[in-house]
Amino acid sequence: MTLHGLYAITDAHLTPDPSLISQVEAALKGGARVIQYRDKSDDQSKRFRQASALVALCNRYQRPLLINDDPQLALDCGAEGIHLGQSDAGLEQARALLGPQAIIGITCHDSLALAKNAQRQGADYVAFGAFFASSSKPCAQSAPLALLQQAHDQLDIPIVAIGGISVDNAAQLISRGADMIAVIGDLFSAADIEQQAQRLASLYS
């Protein structure tokens, strides 16, 4: 599985329960290569139901679904992997639970040292950001554009850029070495999600 292109992340407010599946399908039709299910609520039954439905949808499009911060949910619903933050479950424990085939990504904020450590521990990709102001995470620490080029030169695993990414600013991240752009607001707040996904995905062509 090549990690390259548009990485779409769901949001409880922008992709609410009634329209979650149709919105994600529009993103997939438009060219999203990876979907991450991100829901921080405590409603375990809802999260399992939504994640399971997204697994079935992504399987139809032959795209991986990753679960944010919950290895057990990823195992239970049959997702292809997880995305972990620095304060979440450890990579080694997640790998032991999900197996060698699982895709595991790690948030590394603005730190190349964290990324190198994640690579040593067996991460499949690392994510840096926020590169621009983000409405999804307004308090996120910022990362410099130069970090992408440094990471590209020093790492052997794919690099994901996140944070306030839009059609208008994504090219400068891609040109500096971002293998994937992770997008929430600019994608799922669009009037035509499929068309916006096409615009974002086409930046890699």
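One numbering rule holds for all chains: residues counted from 1, following each sequence as written. At least 70 in pLDDT is required for a residue's local features to be given in this predicted model, at least 80 for side-chain atom pairs to be given and counted, and no such filter applies to totals for whole chains, interfaces and linings, which use all residues. The basis for every side-chain value is the complete set of non-hydrogen atoms in the structure, without hydrogens or water.

Student: Could you give me a rundown of the overall build of the protein chain, with the residues and numbers involved?
Tutor: Helix and strand counts for the protein chain stand at 9 helices and 8 strands. Expressed along its principal axes, the backbone C-alpha trace of the protein chain runs to roughly 40 × 40 × 30 Å. Accessible area of the protein chain: about 9,200 Å², with a carbon and sulfur share of 48%. Asp and Glu count as negative and Lys and Arg as positive, but His and the ends of the chain are not part of the count. Here the site of a charge means NZ on Lys, CZ on Arg, CG on Asp, or CD on Glu. The average position of the 15 basic charges and that of the 21 acidic charges among the side chains of the protein chain differ by 2 Å. Counting from the N terminus, the helices are the DSSP runs of H or I reaching at least four residues and the strands are the DSSP runs of E reaching at least two. Computed by Shrake-Rupley with a 1.4 Å probe, the accessible areas treat only the displayed protein chains as cover when residues are assessed.

Student: How would you sum up the state of the cysteines? Please name residues and give values.
Tutor: Our working definition of a disulfide is a cysteine sulfur pair at a distance within 2.5 Å. Under the counting rule described, the total for this entry stands at 0 disulfides. Cys 77 forms no disulfide, and the closest cysteine sulfur to it belongs to Cys 58, at a distance of 10 Å. For each residue, the accessible area found with a 1.4 Å probe, counting protein chains only, is set against the maximum for its type, and the residue is called buried under 20%, exposed over 50%, and partly exposed in between. By relative accessible area, Cys 77 is classed as buried at 11%.

Student: Talk me through the side chain of Asp 11; I want residue IDs and the actual numbers.
Tutor: Positionally, Asp 11 belongs in the loop between strand E1 (5-9) and helix H1 (20-30). Buried charged residue Asp 11 carries no salt bridge. Nearest counter-charge: Arg 38, at 4.8 Å. Of the polar contacts made by the side chain of Asp 11, one reaches the backbone nitrogen of His 13; its length is 2.9 Å. A carboxyl oxygen of Asp or Glu within 4 Å of a side-chain nitrogen of Lys or Arg is what we treat as a salt bridge. Polar contact is defined as a pair of N or O atoms within 3.5 Å, subject to the rule that within protein one atom must be able to donate a hydrogen and the other to accept it, and that residues adjacent in sequence are counted only when both atoms are side-chain atoms.

Student: Got a sec to walk through helix H2 (residues 44-60)? Specific residues and values, please.
Tutor: One less than the number of residues in a helix, times 1.5 Å, gives the span that helix is expected to have. When the terminal C-alpha atoms of H2 are compared, their 24 Å separation across 17 residues agrees well with the 24 Å that a helix rising 1.5 Å per residue should span. Restricting attention to buried positions, one finds in H2 the residues Lys 46, Arg 47, Gln 50, Ala 51, Leu 54, Val 55, Leu 57 and Cys 58. Any two residues whose heavy atoms approach within 4.5 Å at even a single point are treated as in contact. Contact partners of the buried residues in H2: H1, strand E2 (34-37), strand E3 (65-68) and helix H3 (71-77).

Student: Lay out the environment of Ala 133 in plain terms, naming residues and giving numbers.
Tutor: Among the secondary structure elements, Ala 133 is positioned in the loop between strand E6 (125-128) and helix H6 (146-154). With a relative accessible area of 77%, Ala 133 lands in the exposed category. In the structure, Ala 133 is positioned 27 residues away from Val 160 in sequence and 16 Å away in space, judged by C-alpha atoms.

Student: Explain the nonpolar core to me, using residue names and the numbers behind them.
Tutor: Here, nonpolar core refers to any group of buried Ala, Val, Leu, Ile, Met, Phe, Trp, Tyr and Cys residues whose side-chain atoms link them within 4.5 Å. Core analysis: the biggest nonpolar cluster contains 58 residues, and Leu 65, Ile 67, Val 126, Phe 128, Ile 181 and Leu 187 have the highest contact counts within it. Core analysis: the next-biggest nonpolar cluster, separate from the first, contains 12 residues, Leu 3, Tyr 7, Val 34 and Ile 184 among them.

Student: I'd like to hear about the pattern of salt bridges, residue by residue, with values.
Tutor: Enumeration according to the criterion identifies 6 salt bridges in this entry. In this structure, the salt-bridge partner of Asp 39 is Lys 46, at a minimum N-O distance of 2.9 Å. Under the relative-accessibility criterion, Asp 39 is labelled buried at 6%. Across the pair Arg 95 and Asp 124 runs a salt bridge whose closest N-O atoms are separated by 2.9 Å. With Arg 95 in helix H4 (residues 91-98) and Asp 124 in the loop between helix H5 (112-120) and E6, this pair connects stretches of sequence that are 29 residues apart.

Student: Tell me what's going on with the side chain of Ser 166, and back it up with residues and numbers.
Tutor: Along the chain, the position of Ser 166 falls in the loop between strand E7 (159-162) and helix H7 (170-174). The buried category is assigned to Ser 166, whose relative accessible area is 14%. Here Ser 166 is in contact with Asp 186 and Leu 200, once residues within four sequence places are set aside.

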